[in-house]
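# A look at the structure
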Amino acid sequence: MNQFEQMAELLLPHIDKEPEYYETLYPERNLPEGARVVRIAPSPTGYLHLGTLFMALVNRITADSTGGIFYTRIEDTDKKREIEGGIDDIINGLLQFGINIDEGYVTPTEQQGIYAPYKQSLRGEIYQCYVKKLIKEGLAYPCFCTAEELEAVREKQEAEKIRTGYHGEYAIHRNITFEEAKALIDEGKPYVVRLKSPGSEENRIFFDDGIKGKIEMPENDEDIVLLKSDGIPTYHFAHAVDDHLMRTTHVIRGDEWISSVPKHIQLFRLLGFKPPKYCHVAPIMKLDNGAKRKISKRKDPEAAVHYFAEEGYEAKSVIEYLMTVASSEFEDWRRANPDGSYKKFKFNLKKMSVSGALFDNDKLNDVSKNIVSKMNSDEVVEKLTAWAKTYDEEFYAVLTKDLDYTKSVFAIDRDCPKPRKDIAKWNEAKQYSAYFYNQYFAPEREYPENILKEDIKAFLSEYVNVYSDKDTKEEWFGRIKSLCEPLGFAADTKEYKANKEAYKGSAGDLSTILRIAVTGRRNTPDLWSIMQVLGYDECKNRILDALGEI
Ligand code: GLU
């Protein structure tokens, strides 16, 4: 055995498999030409946030558009930062948003696929096998530096105005011998395993990012840590081993990783692996006092995906909106395919924004209103009550007290060819429907200023006598019109417009007065339908109340 082989046996005596074992166990995938194998690799260190959801969507549609595979891998090597329930939240969250998973953790507890295990903490021996190979080849070594020693190196570099880091002559243990290492290990000294980087800062690496295009960077010359002192790999090393063995073709991830690409490409090469195609996605941005910044978990409620459920956005609306962020071509496609599943959209990574799209709440609301407007009233009531049950119990009780009534409330201007686009999220429904429920009906009636109080009074007092809930919509409006002439209003809009001075107002003004009397609002869906739903007694009482106020 040479020095390096002795070192490998000293550090990893329990590893008896050769890399070939894993190469055979995890064979190349047999997929059609062009099919992309992609993944998200979340760390369970927090709850599902918008960035992860967006990344999952981009990966999912990349797989869908190429007949490929989308899998999940749990990167749980940082046990200190792990939170309880993190995996459940992320995987269940994706499923709730309709992002189906082909392989890996398909549910929080169930793994599927032959490249298992899909959780890094279960893959310790695999990483160690590849580290052993690098040690044998003289490409990795144990480093016994303490935190204080590393700090001292750093201070020295700062004083000498040299780039900080564990590289070149500053890499204290890079030439450690077997005997030296053995003596320190016998003393019980902890150590990490580092890469012996053959790179030089003078050299450049080039790669063609699938989103950002051609990129050039200095080669990595840092002796990065491969295995931490507890034998657990770092992200960089685990990424190379896992994405190789799981046969990932495209690594689509956040662009905060772009500066790590030189390390990653170097690791792939030294390990004898073909690097994947890297595609770095710009983060979703937010406007903050006129300046663009990354959406922040700390500052922005919408960064946590729970926010959307709490507000009562349909998962479908959020996904539809994120599709518009993912591709500027999506909206045109949607116009041509108004009812098709977004999964049919041919997604092209190259068309993604290089600098990061802005999170646009108004756009989300528009997209969402459109989606809600396509639901029939049963669907609306079902989803609204399901939302209220969790997030607004009191409203839930109000809505479900008389479900048929609630259905008729939400059927107004719905279930028709041109439904109103009025609700974006369920937490708007209470305000929207408040005048249908006496618990919430507290009108502040503000009549148009151009109509005199006495005319309002005269109209409502006449109307209450002629009002009938048996009228068709035409008859109902006919009655309002018939009151026009005696009260000095124009029954005909054209005539009114031509001759405004001759009238106190028009039939339109009178229906506005009625609308305000009955609902307390100036803008509502169709008033005849509203009065039908409220019923004769309620409408009459409200008109009498309104009269009493004047
Ligand atoms: N575990 C990494 C993260 O949470 C994954 C990055 C990647 O996709 O390679 O960001």
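Here, the structure is the one placed above.
The text that follows walks through the structure, step by step, so that each part is easy to find. All of these numbers come straight from a predicted model, not from anything done at the bench. (Residues numbered from 1 in each chain as written. Predicted model: local features only at pLDDT ≥ 70, side-chain atom pairs only at ≥ 80, totals over all residues. Heavy atoms only, no water.)

## Things to note about the overall build of the protein
On a plain count of helices and strands, the protein comes out with 24 helices and 13 strands. Here the C-alpha radius of gyration of the protein, 33 Å, is well above what a compact globule of 550 residues would show, namely 24 Å. Projecting the C-alpha coordinates of the protein onto the three principal axes gives extents of approximately 110 × 50 × 40 Å. Taking all 550 residues of the protein together, 51% fall into the buried category. Excluding contacts between residues fewer than 6 apart, the proportion of contacts in the protein whose partners are at least 24 apart in sequence is 72%. When the accessible surface of the protein is totalled, it reaches about 26800 Å², and 49% of it is carbon and sulfur. (Helix = DSSP H or I, 4+ residues; strand = E, 2+ residues; numbered from the N terminus. Rg over C-alpha atoms; globule rule 2.2 N^0.38 Å. Buried < 20%, exposed > 50% of the residue type's maximum accessible area, 1.4 Å probe, protein only. Contact = heavy atoms within 4.5 Å. Areas by Shrake-Rupley, 256 points an atom, 1.4 Å probe, with all protein chains shown as cover.)

## Concerning the sheet that holds strand 4 (residues 111–112)
On the basis of which strands lie adjacent, the open sheet formed by four strands has the order 1-2-3-4 and mixed pairing. Of all the strands in the sheet, just strand 1 (37–40) and strand 4 have a single pairing partner and so form its edges. In this sheet, strand 2 (residues 69–72) lies alongside strand 1 in parallel orientation, the contact comprising four bridges. Pairing of Arg-39 across the sheet is with Tyr-71, part of strand 2. (Pairing = 2+ DSSP bridges.)

## Points about helix 9 (residues 261–271)
For helix 9, the tally of buried residues reaches 10 of 11 residues, placing the bulk of the element in the interior. Of the residues making up helix 9, those classed as buried are Val-261, Pro-262, Lys-263, His-264, Ile-265, Gln-266, Leu-267, Phe-268, Leu-270 and Leu-271.

## What to know about the packing of aromatic side chains
For the coordinates displayed, the defined rule picks out 26 aromatic pairs. Members of the aromatic cluster, joined through ring pairs, are Tyr-21, Tyr-22, Tyr-26, Tyr-115, Tyr-130, Phe-268 and Phe-273. Between the NZ or CZ atom of Arg-194 and the centre of the ring of Tyr-166, over which it lies, the distance is 3.7 Å. Directly above the ring of Phe-441 sits Arg-542, whose terminal nitrogen or CZ lies 3.6 Å from the centroid. (Phe/Tyr/Trp six-rings, centres within 6.5 Å; stacked < 30°, edge-to-face > 60°. Lys NZ or Arg CZ within 6 Å of the ring centre and 35° of its normal.)

## A closer look at the pairing of strand 7 (residues 204–209)
Only one face of strand 7 is covered, namely the face carrying Ile-205, Phe-207 and Asp-209; the face carrying Arg-204, Phe-206 and Asp-208 is uncovered. Pairing analysis gives six bridges linking strand 7 to strand 8 (residues 213–218), with the strands arranged antiparallel. When the sheet's bridge partners are listed, Phe-206 is paired in strand 8 with Glu-216. The antiparallel hairpin formed by strand 7 and strand 8 contains three residues in its connecting segment.

## With respect to the nonpolar core
Phe-237, Phe-410, Phe-436, Phe-459, Leu-460, Tyr-463 and Leu-514 are the most contacted members of the largest nonpolar core, which has 162 residues in total. Take this core: its biggest share by element is nine residues, from helix 3 (residues 50–66). Apart from residues lying up to four places away in sequence, Phe-436 is in contact with Tyr-405, Val-409, Ile-412, Ile-530, Val-533 and Leu-534. (Core = buried A, V, L, I, M, F, W, Y, C linked by side-chain atoms within 4.5 Å.)

## Observations regarding the site of the ligand
What surrounds the ligand is the set Arg-39, Ala-41, Ser-43, Glu-75, Tyr-235, Arg-253 and Trp-257. Within the side chain of Arg-39, a nitrogen or oxygen atom sits 2.7 Å from an oxygen atom of the ligand. Between the ligand and Tyr-235 there is a distance of 2.4 Å, counted from an oxygen atom to a side-chain nitrogen or oxygen. In isolation the ligand offers 300 Å² of accessible surface; the protein chains occlude 80% of this area. A per-class count over the shell around the ligand returns three nonpolar, one polar and three charged. (Near = heavy atom within 4 Å. Polar contact = N/O pair within 3.5 Å; in protein donor to acceptor, adjacent residues only side chain to side chain. Nonpolar A, V, L, I, M, F, W, Y, C, P; charged D, E, K, R; others polar.)

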